[in-house]
Every structure is written in C-alpha cells, then in structure tokens.
Amino acid sequence: MTSFEYTSNTTMEHLAGRLKSARKVLVTSHEKPDGDAIGSCAAVARALRELGIENEVWVQGAISDSLLEFVPDLPIREAPPDQPSDDHDLVVIVDTGAWSQLQPLESFLRDRRDSIIGFDHHARGDDVASERLIRVEAASCTELLVSLVDALGVSLEAGGDDSGRCSIAEALLLGLATDTGWFRFESCGADSLRVAARLVEAGADKSRIFRIIEENDRPARILMSGRAQQSAEFICGDRAVLMQLAPADFEETTARPEELSGLVNAPMSVRSVEVSVLITAVDADGVKVSFRSKPPLDPGSPFIDVNQLAAVFGGGGHVHAAGARIQLPLAAAKDAVRDALVAALQDAGFVDSGSTV
Ligand SMILES: [Mn+2]
C-alpha cells in the first residue's frame, strides 16, 4: 500500500472549472464549525449563488449564535439525523480533510470520493476528496479561497445585503481574523495581511466582525472573570499564577462552563508571569485545569511547556496551551497543581531549586 500524502493534487483553475460546471453543490466543513469553517462555507455558497449554481451548506454540530449573525440567509442543515439528498453532483469540503472531523456525514461522503473536492490549510488530512488544494502557508482556509473566488470570476464585494448578511469579502475576513487571533499568531505573515487589506478594500467591516464575534458575552462571564482574578495567587516570584472557580461561583453568577474560555489568559498581561493556571470545579470531586504559558522572550530563553505540565495529570494540548481533568476536590487539586508548577519553574530555571513558594 502506498502511503497517502495530504497535499494538493490539482490547480485552483481546475477546481474553479469543476464548480462552474456543477448543477447542485453541497458545501460542508468540520464539526463544531468555527469562524473559518463558517466563513469558508459562506464564501463558497455566496460565490456559487452569484453564478446561479444551486447549493446547500451542511454543518455538523451546533453553530454559535454570533456566527449565525453573519449567515442569517444560508439554508444551513445539520447532520445527523438528516443526510443530504442524492441529487448533488459535487461536494465541496472546506477547512478540513480529516474523517475524524466529518463523522456525521461520513457514510454519505464515503460513497462519493470522485465527486468531492477539498480546500484546506491543515497539514494533515485523509483521502476524502479526489481532488484537493492544500496550502499550509495560508493562515486560514478563507485566505486560500480568495484565489478561488478570483478564479470563479466573482467579485469579492458580492453577496451582502442590508439585513446583516455578510458579503463574500466579509465571510473571508471572518475566517482570517478568527484563525489568526486577530492577526497576532505566527501563521499570519505579510501575505495574510495583504489578503486582509484586499478584503477590507472590498468592503469587509472588521469592526463589525470584531463586535459580533469578540464582544458577545453575557454579564455572567465578566462576573466570573472578576471572581477568577480575585482568587489569583501569584507564586515563585510572580512567575506563575493560580486562579480558581468554585461551584458557588457558578451558582451565584449563573455562568455556564462553556462561556469561560479565555479567562485563563487575563494574567498574561503581567510582565513577570510565565504561566497561568485556572482550576474550575466541575463537580464536588473533580476539576478542569487550563494551563497557558508565554513563548520565550528571546530564542534560547527558557519557557514553560504546559503540554508537559498537563501531562503530569494525564492531560495535554500544545506547548503554550493545554488542559487536564483531575479527580480531586478543588483544594486538593490546587495543591497538586501548585507543586507541579513549582517543579516546572525550577526545571526551567525560573526559580532556584530548593526555593519554596
Ligand atoms: Mn481554519
């Protein structure tokens, strides 16, 4: 068996030609669609509509209300329990090419490899689409779809209206802005910024995208943020900070666990802090722990690998963002995490070994 390589096996012009000659197109993306998945689906669907080609967007897993604000018009369908009808002659998969992210539609897609095309910017994927364009240098899938819209001969300015429905340019900027953490991540270089400039020139309103995506919290979140910060315990010469949220905090603020993402990042604004930890009580005898660390200040400077730190507790993630679950009550879990933090800071040379908290 030859090993499969997840790389481009065709050109943008060829894929544009396949789209133009399609009769009815199904557009889909990964489960739990994010801004890039929805932006990519919306851009392809809007470009097809401009060309008068019938299409349907299928998504898998809930879409956030804020993302839905950009696409109030899209006939979004969710699988399961429904499956697409048999009358599509082309399927477009955007922002993924991995079976693990396409499970609700897997049996439908398995039967149709030859009529599936893919556009992606991830380094790994499977043999889902017979023809695919993969550009790992692209900071978002929408960044590479700008070339598809060009190849289709559709204007980036098309597709929007006064009801809030986003234009093609805005859908593309939505994906680029969210996948790059608002142009901060390393993935976002000069090419991505040039694409962003083109999208803004084509009328994409970055302030509107920012407000809808990033300024969309309920009051409960800011109350929980305050409680977490109030609990902050700075240790090891302020190199690390531990925060906690107890069951009472949830009861008193009505916050839900899913609206707390990112709270762990707040103490990163403190100059001395290398690693921030938020311990959230899930129930009486279990907690969820989120770890964040800063990249080294200079190449060669020490840093904390929180993937390793989380692994101490059976968790994992990335070098600078990781998580774990610990089956201990809050206070005991906090003691265990504090000990592991001190050891990690000593190993990295941030504090003298033998020094205490
Ligand atoms: Mn993406």
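See the structure shown above.
The following refers to the structure shown. No experiment lies behind these values; they were computed from the predicted model shown.

### Focus: the overall build of the protein
Phase 1 of the analysis: When its secondary structure is counted, the protein shows twelve helices and twelve strands.
Phase 2 of the analysis: With the C-alpha coordinates of the protein rotated into their principal frame, the extents come out at 70 × 50 × 40 Å.
Phase 3 of the analysis: The burial tally for the protein puts 50% of its 357 residues in the buried class.
Phase 4 of the analysis: Surface summary for the protein: the accessible area is close to 16,900 Å², and the carbon and sulfur share equals 49%.
Phase 5 of the analysis: A gap of 2 Å separates the mean positions of the 33 positive and 55 negative side-chain charges of the protein.

### Overview of helix H8 (residues 206–214)
Phase 1 of the analysis: Inspection of H8 places Ile209, Ile212 and Ile213 among the buried residues, and these make up the whole buried set. Angular distribution of buried residues about the axis of H8 spans 90°; they occupy a single face of the element.
Phase 2 of the analysis: Residues of H8 that are buried sit in contact with helix H3 (65–68) and helix H6 (168–179).
Phase 3 of the analysis: Of the residues flanking the start of H8, the one acting as N-cap is Asp205, its side-chain oxygen 3.1 Å from the backbone nitrogen of Ser207.

### Digging into empty space enclosed by the protein
Phase 1 of the analysis: Counted under the stated rule, the structure contains one cavity of 30 Å³ or more.
Phase 2 of the analysis: For the largest cavity, the calculated volume is near 60 Å³.
Phase 3 of the analysis: Lining the largest cavity are Tyr6, Ile93, Thr96, Gly97, Gly118, Phe119, Asp120, Asp126, Val128, Ala129, Arg132 and Ile134.
Phase 4 of the analysis: Contributing elements (two or more residues each) for the lining of the largest cavity: strand S5 (116–120) and strand S6 (131–134).
Phase 5 of the analysis: It is S5 that contributes the most residues to the lining of the largest cavity, three residues altogether.
Phase 6 of the analysis: Of the residues assigned to the lining of the largest cavity, the class counts are six nonpolar, three polar and three charged.

Parameters at a glance
- Starting afresh in each chain, residues are numbered from 1 along the sequence in its written order.
- The predicted nature of this model means local features are confined to residues of pLDDT at least 70 and side-chain atom pairs, given and counted, to a pLDDT of 80 or more, with totals for whole chains, interfaces and linings taken over all residues.
- Note that the side-chain values use all heavy atoms of the structure and ignore hydrogens as well as water.
- Strands here are runs of E lasting at least two residues and helices are runs of H or I lasting at least four, both read from the DSSP assignment and numbered beginning at the N terminus.
- Partly exposed describes any residue whose relative accessible area lies between the buried limit of under 20% and the exposed limit of over 50%, with all areas from a 1.4 Å probe on protein chains only and scaled to the type maximum.
- Using a 1.4 Å probe, the Shrake-Rupley method yields the accessible areas, and only the shown protein chains count as cover for residues.
- We treat Lys and Arg as the positive residues and Asp and Glu as the negative residues; His and chain ends play no part in the count.
- Charge positions come from single atoms, namely NZ of Lys, CZ of Arg, CG of Asp or CD of Glu.
- Each C-beta atom gives one direction from the helix axis, and the arc is the one those directions make.
- What makes two residues a contact is simply this: any of their non-hydrogen atoms within 4.5 Å.
- In protein, a polar contact requires one atom able to donate a hydrogen and another able to accept it; more generally it is a pair of N or O atoms within 3.5 Å, and residues adjacent in sequence count only if both atoms are side-chain atoms.
- Here a cavity means grid points, on a 1 Å grid over the protein atoms only, where a 1.4 Å probe fits yet cannot get out; a pocket means an open set of points with protein on both sides within 12 Å along at least five of seven lines; lining residues are those with an atom within 4 Å of a point.
- Grid points are joined across faces, edges and corners, and a volume is the space filled by probe spheres set on the points.
- By the convention adopted, Pro, Cys, Tyr, Trp, Phe, Met, Ile, Leu, Val and Ala count as nonpolar, Lys, Arg, Asp and Glu as charged, and the other residues, Gly among them, as polar.

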